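# Structural overview for review
Residue strings, one per chain:
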Amino acid sequence: MSLPPDPSDAGLILAERHGAVLHLRLNRPAKRNAVNDGLVLALDRAFTGLGSDVGCIVLSGEGQHFCAGLDLSELSERTVYEGVLHSRMWHATLDKLQFAPVPVVAVLHGATIGGGLEIAAAAHVRVAERNAYYGLPEGQRGIFVGGGGSMRLPRLIGTSRMADMMLTGRVFDAEEGQQAGLTNYLVGEGEGLAKGMALAQKICGNAPLSNFAVIQALPRIAELAPSEGLFVESLVAAIAQGDPAAKQRIRAFLDGRAAKVAKQ
Ligand code: 1HE
C-alpha cells in the first residue's frame, strides 16, 4: 500500500544527530507509539537516503513505552486484499531497517508489543530497560503478525516460544526476554538510551565496511546451506580484508598502536 505523505504525520519520528549517531524516536506517546500508517511511512522515510556520514542508528520510543504495536483503530475497515498490501508495506519498511547501510540499536522500555516487537526484531542490537515487557496479543485480537514477526522472531527466540506468546497471551518481562534471546543487554530503568548511545559509539568506531558486512552478509549467510555459506563467507572476508581501513587497523595493532581485546 503506497500512501501519499500526510502533513499531519510530520513529527511521528523525531530525529537527532549526535556526531555519527542518528537517534530516531517513535513519537506518538499519547497512543503509546501505536503504529498507524503514517508512522510506518515516517519510519520508511527516516531510513531512506541516509548520508554516508551516519555510522549507526539508535531507535527508541518517546513516553512510557517503546511501542504498543499496530494501531488497531485503523484495522477494522480493511478488506482481505488491503490487509495483504498493508502487511507488505510493513515488510518493505522493516526490510529497510534490517538492511539499512548501518547498524540499528533498538532501546526498549515499557510495552514492546505486537508490531513494536516486530520493529525491535528487525534491529541488529537490542537493549532493554528492566521495565520492558514483550507480548504478542495477536491471538487475543483475532489477527496474526504482519510486520515480519513470523520470520524474524523465531530466529531470535524459537518458534515454540513465539507460538506460546501468540496462543496463550504469555507476556515476557525484561529478564525473561533477555534469557530467551530477545535482547542483548539488560540495564536499569532510565539507563537504556545511555547504553544504546554508548554501544552505537563503539559501532561507529569500527570500519564501515566491516559493519556493513555484518548486517548485510551475516543474516543471509546464516540462511544458506553450509557449502554455499562458506563460499560466500570467503568472498566477504576477502573483500573486507582488501579495504584500506582493514590494512590500517591491522598495521596499527602489529605496531602496538591499537587496543588489545580485554574483558569489559
Ligand atoms: C492504542 C493502542 C493500539 C494504545 N492501537 N490505540 N497491540 C495491542 O493489542 C496493545 C494494546 N495496548 C495496550 O495493551 C495498552 O495500551 C498498553 C499496555 C500498550 C499501554 O497501556 P496504558 O495504560 O499505558 O495506555 P492506554 O490507556 O491503554 O492507552 C493510551 C491511549 O493509546 C488510548 O487511547 P485514548 O484515545 O483512549 O487515550 C489507547 O486506546 C491508545 N492505544 N495501544 C490503537 N495498539 C504489523 S501487524 C502487528 C499486529 C499487532 O501489533 S497486534 C498488537 C496490538
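Residues numbered from 1 in each chain as written. Predicted model: local features only at pLDDT ≥ 70, side-chain atom pairs only at ≥ 80, totals over all residues. Heavy atoms only, no water.

## Digging into the domain arrangement of the protein
When its domains are assigned, the protein resolves into domain 1 (7-204) and domain 2 (208-254). When each unit is reduced to the centre of its C-alpha atoms, the spacing between domain 1 and domain 2 is 27 Å. With both chains or domains summed, domain 1 and domain 2 bury close to 650 Å², and 52% of this area falls on carbon and sulfur atoms. Of all residues in domain 1, Phe99, Pro101 and Arg155 bury the most surface against domain 2, accounting for 53% of the area lost on that side. Linking Glu223 and Arg155 is a salt bridge whose minimum nitrogen-to-oxygen distance equals 2.6 Å. Summed over the shared surface of domain 1 and domain 2, the result is 4 residue pairs in polar contact (both at pLDDT 80 or more). Its residues assigned to classes, the side of domain 1 that touches domain 2 comprises 6 nonpolar, 3 polar and 1 charged. (Domains from an automatic or database assignment. Buried area = accessible area lost by both parts, 1.4 Å probe. Salt bridge = Lys/Arg side-chain N within 4 Å of Asp/Glu carboxyl O. Polar contact = N/O pair within 3.5 Å; in protein donor to acceptor, adjacent residues only side chain to side chain. Nonpolar A, V, L, I, M, F, W, Y, C, P; charged D, E, K, R; others polar.)

## Topic: helix H11 (residues 244-254)
Listing the buried residues of H11 in full gives Ala245, Ala246 and Ala252. Axial view of H11: buried residues confined to an arc of 130°, hence all on one face. Residues Pro244, Lys247 and Leu254 are exposed on H11 and point more than 90 degrees away from its buried face. Against helix H10 (226-242) lie the buried residues of H11. (Buried < 20%, exposed > 50% of the residue type's maximum accessible area, 1.4 Å probe, protein only. Helix = DSSP H or I, 4+ residues; strand = E, 2+ residues; numbered from the N terminus. Arc of directions from axis to C-beta. Contact = heavy atoms within 4.5 Å.)

## Quick word on the site of the ligand
Not every one of the 23 residues close to the ligand is listed here, only the nearest: Lys31, Ala68, Leu70, Gly115 and Arg141. His65 is positioned with one of its side-chain polar atoms (N or O) 3.1 Å from an oxygen atom of the ligand. One of the backbone N or O atoms of Leu72 is found 2.9 Å from a nitrogen atom in the ligand. Broken down by secondary-structure element, the contributors of at least two residues to the shell around the ligand are strand S5 (111-113), helix H3 (115-122) and helix H4 (138-141). Looking at side-chain class alone, the shell around the ligand contains 11 nonpolar, 6 polar and 6 charged residues. (Near = heavy atom within 4 Å.)

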